[in-house]
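Here is how the chains run, residue by residue.
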Amino acid sequence: MSIPRRTARSVRVLGVVSASAALALGAAGNALACSIGDFSATAKCDGGKGVIVVTDVDRSGTSAHISLFLENNGVEKLVGEQDVRGSAQGASVTFAEDWQPAATYRIHVKAGGTLVDEDIKPNLTTPATACTPATPSTPASPSQSASPTPSDSASASSPATPAPTPSAAQSSTAAAAAPASNAPSAAAGQSTLAETGAASHTGLIAGIAAALVVVGGGAVFFGLRRRGADSGR
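Starting afresh in each chain, residues are numbered from 1 along the sequence in its written order. Where local features are concerned, this predicted model is filtered to residues with pLDDT of at least 70; where side-chain atom pairs are given and counted, the filter is 80 or more; whole-chain, interface and lining totals use all residues. To obtain the side-chain values, all non-hydrogen atoms of the structure were included, while hydrogens and water were left out.

Engineer: I'm lost on the overall build of the protein chain in this one. Help?
Structural biologist: A helix here means a DSSP run of H or I that spans at least four residues, while a strand means a run of E at least two residues long, and both kinds are numbered starting from the N terminus. Per the secondary structure count, the protein chain includes five helices and eight strands. Buried means the residue's accessible area, taken with a 1.4 Å probe over protein chains only, is under 20% of the maximum for its type, while exposed means over 50%, and partly exposed covers the values in between. Every one of the 233 residues in the protein chain was classed for burial, and the buried ones make up 17%. Taking as baseline every contact in the protein chain between residues at least 6 positions apart, the subset at least 24 positions apart corresponds to 61%. Residue exposure ignores everything except the shown protein chains as possible cover, and the areas themselves are Shrake-Rupley values with a 1.4 Å probe. Element-wise, carbon and sulfur atoms account for 61% of the exposed surface of the protein chain, whose accessible area totals about 17,200 Å². Any two residues whose heavy atoms approach within 4.5 Å are treated as being in contact.

Engineer: Whenever I open this one, the side chain of T62 confuses me. Can you help?
Structural biologist: Position of T62 among the secondary structure elements: in the loop between β2 (49–56) and β3 (63–72). Any pair of nitrogen or oxygen atoms within 3.5 Å is treated as a polar contact; in protein, a donor-acceptor pairing is required on top of that, and neighbouring residues in sequence qualify only through side-chain atoms on both sides. A polar atom in the side chain of T62 sits 2.9 Å from the side chain of S60. Excluding residues within four positions of it along the chain, T62 makes contact with C34, D56, V84, R85, G86, A111 and G112.

Engineer: In this structure, what is going on with the nonpolar core? I would like to understand it.
Structural biologist: Most often, soluble globular proteins keep nonpolar side chains buried together rather than apart. Take the buried Ala, Val, Leu, Ile, Met, Phe, Trp, Tyr and Cys residues and link them wherever side-chain atoms come within 4.5 Å; each set so joined is a nonpolar core. Counting residues in each nonpolar core, the largest one holds 22 residues, and the members touching the most others are F39 and I66. Elements with a minimum of two residues in this core: β1 (39–46), β2, β3, β5 (91–95) and β6 (104–111). Looking at this core, the element that brings in the most residues is β6, giving four residues. Once you skip the residues sitting within four places of it in the chain, F39 turns out to touch C34, T55, D56, A64, I66, V84, V109 and I120.

Engineer: What exactly am I supposed to notice about a nonpolar patch on the surface here?
Structural biologist: Here, patches come from residues exposed beyond 30% relative accessible area and free of salt bridges, joined within 9 Å for like charges and within 5 Å for nonpolar side chains (Val, Leu, Ile, Met, Phe, Trp, Tyr). Every case where a carboxyl oxygen of Asp or Glu lies within 4 Å of a side-chain nitrogen of Lys or Arg is listed as a salt bridge. On the surface, L204, I208 and L212 cluster together to form a nonpolar patch covering roughly 330 Å² of accessible area. Within the secondary structure, I208 is located in helix α5 (residues 202–232). I208 gets classed as partly exposed once you look at its relative accessible area, which sits at 47%.

Engineer: Help me understand the pattern of salt bridges, please; the structure alone is not making it clear to me.
Structural biologist: Scanning the entire structure with this criterion turns up two salt bridges. Between R106 and D119 there is a salt bridge whose closest N-O contact spans 3.0 Å. Linking R106 in strand β6 with D119 in strand β7 (residues 116–119), this pair joins segments that are 13 residues apart in sequence. Given the relative accessible area of 16%, R106 is considered buried. One continuous salt-bridge network, built from bridges that share partners, spans E76, R106 and D119.

Engineer: I keep staring at the packing of aromatic side chains and nothing clicks. Help me out?
Structural biologist: Given two aromatic rings, one states the distance between the centres and the angle between the planes to describe the pair. Whether two aromatic rings pair depends on their centres lying within 6.5 Å, for rings of Phe, Tyr and Trp, where Trp uses its six-membered ring; planes under 30 degrees apart make the pair stacked, over 60 edge-to-face, and the rest tilted. Under the definition given, this model contains zero aromatic pairs. A cation sits over an aromatic face here: R106 above F69, 4.4 Å from the ring centre. Any Lys NZ or Arg CZ that is within 6 Å of a ring centre and within 35 degrees of that ring's normal is treated as a charge sitting over the ring.

Engineer: Help me understand the pairing of β6, please; the structure alone is not making it clear to me.
Structural biologist: Two faces belong to every sheet, and in a regular strand the side chains alternate between them. Looking at chain direction, β3 and β6 are connected through eight bridges and run antiparallel. By the bridge assignment, E71 is partnered in β6 with T104. The pairing criterion for strands is at least two bridges between them, as found by DSSP. With two bridges joining them, β6 and strand β8 (residues 124–125) adopt antiparallel strand pairing. Its bridge partner being in β8, Y105 is matched across the sheet by L124. Pairing of β6 with β7, which is carried by four bridges, proceeds in the antiparallel orientation. Within the sheet, the bridge partner assigned to H108 lies in β7 and is D119.

Engineer: Explain the sheet that holds β1 here, please?
Structural biologist: Strand pairing in a sheet is mediated by backbone hydrogen bonds. Such pairs are either parallel or antiparallel. Strand order across the open sheet formed by three strands is β1-β2-β5, with antiparallel pairing between neighbours. Each end of this open sheet is capped by a strand with a single partner; those strands are β1 and β5. Within this sheet the neighbouring strands show an average axis-to-axis angle of 25 degrees, counted without direction. The angle between two axes is taken between their N-to-C directions and runs from 0 to 180 degrees, where each axis is a line fitted to C-alpha atoms and a helix contributes only its stretch in contact.

Engineer: Can you walk me through the environment of S63 in this structure?
Structural biologist: Within the fold, S63 resides in strand β3. Considered as a pair, S63 and A111 are 48 residues apart in the sequence and their alpha carbons are 6.0 Å apart. The contacts of S63, once residues within four sequence positions are left out, are V84, R85, K110, A111 and G112.

Engineer: Explanation requested: the state of the cysteines in the structure shown.
Structural biologist: By definition, a disulfide is the covalent link that joins the sulfur atoms of two cysteine residues. Cysteine sulfur pairs qualify as disulfides if the two atoms are within 2.5 Å. Scanning the model with the defined rule gives one disulfide in all. Sulfur-sulfur distance for the disulfide between C45 and C131 comes to 2.0 Å. Residues C45 and C131 are joined through a disulfide that is left-handed, its torsion about the S-S bond being -85 degrees. Linking C45 in strand β1 with C131 in the loop between β8 and α2 (150–157), this pair joins segments that are 86 residues apart in sequence. Judged by relative accessible area, C45 falls into the partly exposed class, the value being 46%.

Put into C-alpha cells, the structure is as follows:
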C-alpha cells in the first residue's frame, strides 16, 4: 500500500520538529545540570583567623559533597568535609582552616552520583600574607567621680552613730557639781568681807555689843530708880 506524498511530507515535517524539540530539551537539561564549573573556592580572613569558603552556584540544586585537602610536599592531609546544595544566588560552606601563607589546597567535589566527581581546577593557593589577629578594644576606664570614695561608702552603708547618752550617775554628779562650780572660792569670800569691813567674827562682836547695851541700859534703869527712891525719903 503506497503512502500519499502529502502524508509522507507531513510525517517528515513532524519528525524534524520532534528532533528539534528533543535537542532543545537536551540542551536545556545540560545547561541546568550540575557541573564542576559551578564550584569555586577562596581563602579569606575572619576575625583575624583564616577560613576557606567553597561556593556552589548550581541552579539545579543538586546536593554536593565537598572534601578539602592540604597539600604539603606531595603529602595530602584531609582538613574537612561538608555538604552543600547550590542555588542561583550561590550557596557557600566555610572551613575553619587557619591557613598559612602560600599554602596549597585541593578541593574535591562529588555531586549527583557520577554526574560530578572531580577537583576544582586549579588548586587553591592562599595569599602570601597571613591574617592579622584582631586587636582587642581597650575598655574605657571609669571616671574617678563615678567611683565612690571610701568615706562616702562608709557613711552611706552604715547608719549614723548616735551620741552617747550620759548615765544617771554622771547626770547626778554633774547636777551636784553645778552649784559648786558657781560658788565663790574661800579666798574670794575672804576678799569680799575684807573689802566691806566685815570679818568672820562679826556675829560674835555684834552679840557682845548687844549684851553690853542691855547691861548698860539695865544699870541706868536701876540707877535712875534708886535715885528716885532716895529723893522721896
